[in-house]
Amino acid sequence: MAGKVGQTTAATAVSPGGSLISDAKLQQLYATMVQCRMLTERACRLRGEPRSAALYAASMGQEAMATGCAIDLQPDDTIALAPHNSIASLVKGVPLDKLVAQMYAHAESPNIIMPSATQGSQLGRATSAALTNKQKKKSNVVIVFSDKATTTLGSWHEALALAAKKSLPIIFVVEDNPWAGAARFKASDDEKELTGKAQCYGFPIITVDANDVVAVYRVAYESVERVRQGGAPVLVEGKPYRLYSPTKRRGANSAARRSERDPLIHMERYLRTKGLFTPSWKNQLACEFSRKLDAAVKAAKKAKGSPQK
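Residues numbered from 1 in each chain as written. Predicted model: local features only at pLDDT ≥ 70, side-chain atom pairs only at ≥ 80, totals over all residues. Heavy atoms only, no water.

Each helix and strand in the chain was counted, giving twelve helices and six strands. When each of the 309 residues of the chain is scored for burial, the buried share is 52%. Residue pairs in contact within the chain that sit at least 24 positions apart in sequence constitute 75% of those at least 6 positions apart. Element-wise, carbon and sulfur atoms account for 52% of the exposed surface of the chain, whose accessible area totals about 14,100 Å². (Helix = DSSP H or I, 4+ residues; strand = E, 2+ residues; numbered from the N terminus. Buried < 20%, exposed > 50% of the residue type's maximum accessible area, 1.4 Å probe, protein only. Contact = heavy atoms within 4.5 Å. Areas by Shrake-Rupley, 256 points an atom, 1.4 Å probe, with all protein chains shown as cover.)

Next comes the structure, spelled out in structure tokens:
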């Protein structure tokens, strides 16, 4: 599975040498983000062809949230994807060829809840899955990815209220991205802190730097373990930096800004300080995944009957 680079499990994520996260897990986090970025870039180039490629359009710059939250999930855990952001499917382990095929023919994978036109419906499916897990005494968890615009909907607060009342095994992840869902998100809403609106539900609310995959992973690791062991739901709020805007041209200092806030560059710098990063390793990762991605696109076009490109 393309998203599970190195197959480092949660059980081996903590280093016996005293570091909170093992070197193998740190490298797996970075390699997975590289895959997410490459998939997003390819999907953006395909936007003129398959309609479903738009699901990836808002993913650029949000690799740390998807990777940190979903990398240690088990096959029977469930994720609900945020609108226009599907890279978490790759991280969870959906095969690359299936993901690329979905760009040409909309389809769902097991335990992946795709975005819907009505967010209330998606939230309902997510809470229903969590309720089923609880009733059957399963240890599986549900992670719901949402943009901040979704948090203004009554259905979102209904989902949080139900999760709190039933103590459901569910984690709500809000990607506080000012550009995602901009058409339905008012500036006045942005003035209200998300934590202030959600704290009445009585379960933990954690804010994390969504450009820092190590920080995200630490929060997600503890949250998943808590929920899996029967603890209350958790709300995680991240503030990612988008690398481009669909409505605004890049400014003159955009390159410097991207270098400062790009989650991949941020992680590269961190790995360098630990002696875990080299340009040749990065190139190897990119080449290997590029070959797999090319093959998946070729197979998807052949199955669809579209011309090879």
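From this point, things continue past the structure.
Let us now look at the sheet that holds strand 1 (residues 78-80). Spatially, six strands are ordered 2-1-3-4-6-5 in an open sheet, and the strand pairing comes out parallel. Both edges of this open sheet fall to strand 2 (112-113) and strand 5 (205-208), since each of them pairs with a single strand only. The sheet contact formed by strand 5 and strand 6 (residues 234-238) spans four bridges and is parallel. When the sheet's bridge partners are listed, T207 is paired in strand 6 with E237. Strand contacts of helix 5 (residues 119-135): strand 1, strand 2, strand 3 (142-147) and strand 4 (170-175), with the helix running at about 160° to strand 3, the strand carrying the most contacts. (Pairing = 2+ DSSP bridges. Axes fitted to C-alpha atoms, helices over the stretch in contact; angles between N-to-C directions.)

This paragraph deals with the nonpolar core. By size, the foremost hydrophobic cluster in this structure holds 63 residues, and its most contacted members are V100 and M267. It is helix 1 (residues 23-45) that contributes the most residues to this core, ten residues altogether. Sequence-distant contacts of V100, defined by excluding residues within four places in its chain, comprise L39, L293, A296, V297 and A300. Counting 19 residues, the second largest nonpolar core, distinct from the first, contains A130, A159, A163 and F172. (Core = buried A, V, L, I, M, F, W, Y, C linked by side-chain atoms within 4.5 Å.)

What the rule picks out here adds up to seven aromatic pairs. Note on Y30 and W281: the rings are 5.5 Å apart at their centroids and 35° apart in plane angle, and the pair reads as tilted. One end of the pair, Y30, is in helix 1; the other, W281, is in helix 12 (residues 279-304), and 251 residues separate them in sequence. The pair Y30 / W281 is uniform in exposure class, with both members buried. Ring centres 6.4 Å apart and planes at 20° place the aromatic pair Y201 and F203 in the stacked group. (Phe/Tyr/Trp six-rings, centres within 6.5 Å; stacked < 30°, edge-to-face > 60°.)

This paragraph deals with the pattern of salt bridges. Overall, the coordinates contain six salt bridges when judged by the stated rule. Where R37 meets E63, a salt bridge forms, and the shortest distance between an N and an O atom there is 2.7 Å. Pair noted here: R37 is in helix 1 and E63 is in helix 2 (residues 63-70), with a separation of 26 residues, a long-range link. Across this residue pair, the class does not change: R37 and E63 are buried. Two residues, E268 and K282, come together in a salt bridge whose shortest N-O distance is 2.9 Å. Here K282 lies in helix 12 and E268 lies in helix 11 (residues 263-273), a separation of 14 residues in the sequence. If you follow the salt bridges from partner to partner, you end up with R37, E63 and D262 in one network. (Salt bridge = Lys/Arg side-chain N within 4 Å of Asp/Glu carboxyl O.)

A word on the confidence of the model for the chain. Per-residue confidence for the chain gives a mean pLDDT of 82, with 73% of residues at or over 70. Low pLDDT (under 50) marks residues 179-191, which in the prediction has 19 contacts with non-local residues, meaning those over four places away or in another chain. Scored below 50 in pLDDT, residues 245-253 makes four contacts in the model with residues more than four places away or belonging to other chains. (pLDDT = per-residue confidence, 0-100.)

Taken together, the buried positions of helix 11 are occupied by P263, L264, M267, E268 and L271. Looking straight down helix 11, one finds its buried side chains confined to an arc of 135°; they lie on one side. Backbone nitrogen of L264 and a side-chain oxygen of the N-cap are separated by 2.8 Å at the start of helix 11; the cap is D262. At the C-terminal side of helix 11, G275 shows a positive phi close to 70°. (Arc of directions from axis to C-beta. Polar contact = N/O pair within 3.5 Å; in protein donor to acceptor, adjacent residues only side chain to side chain.)

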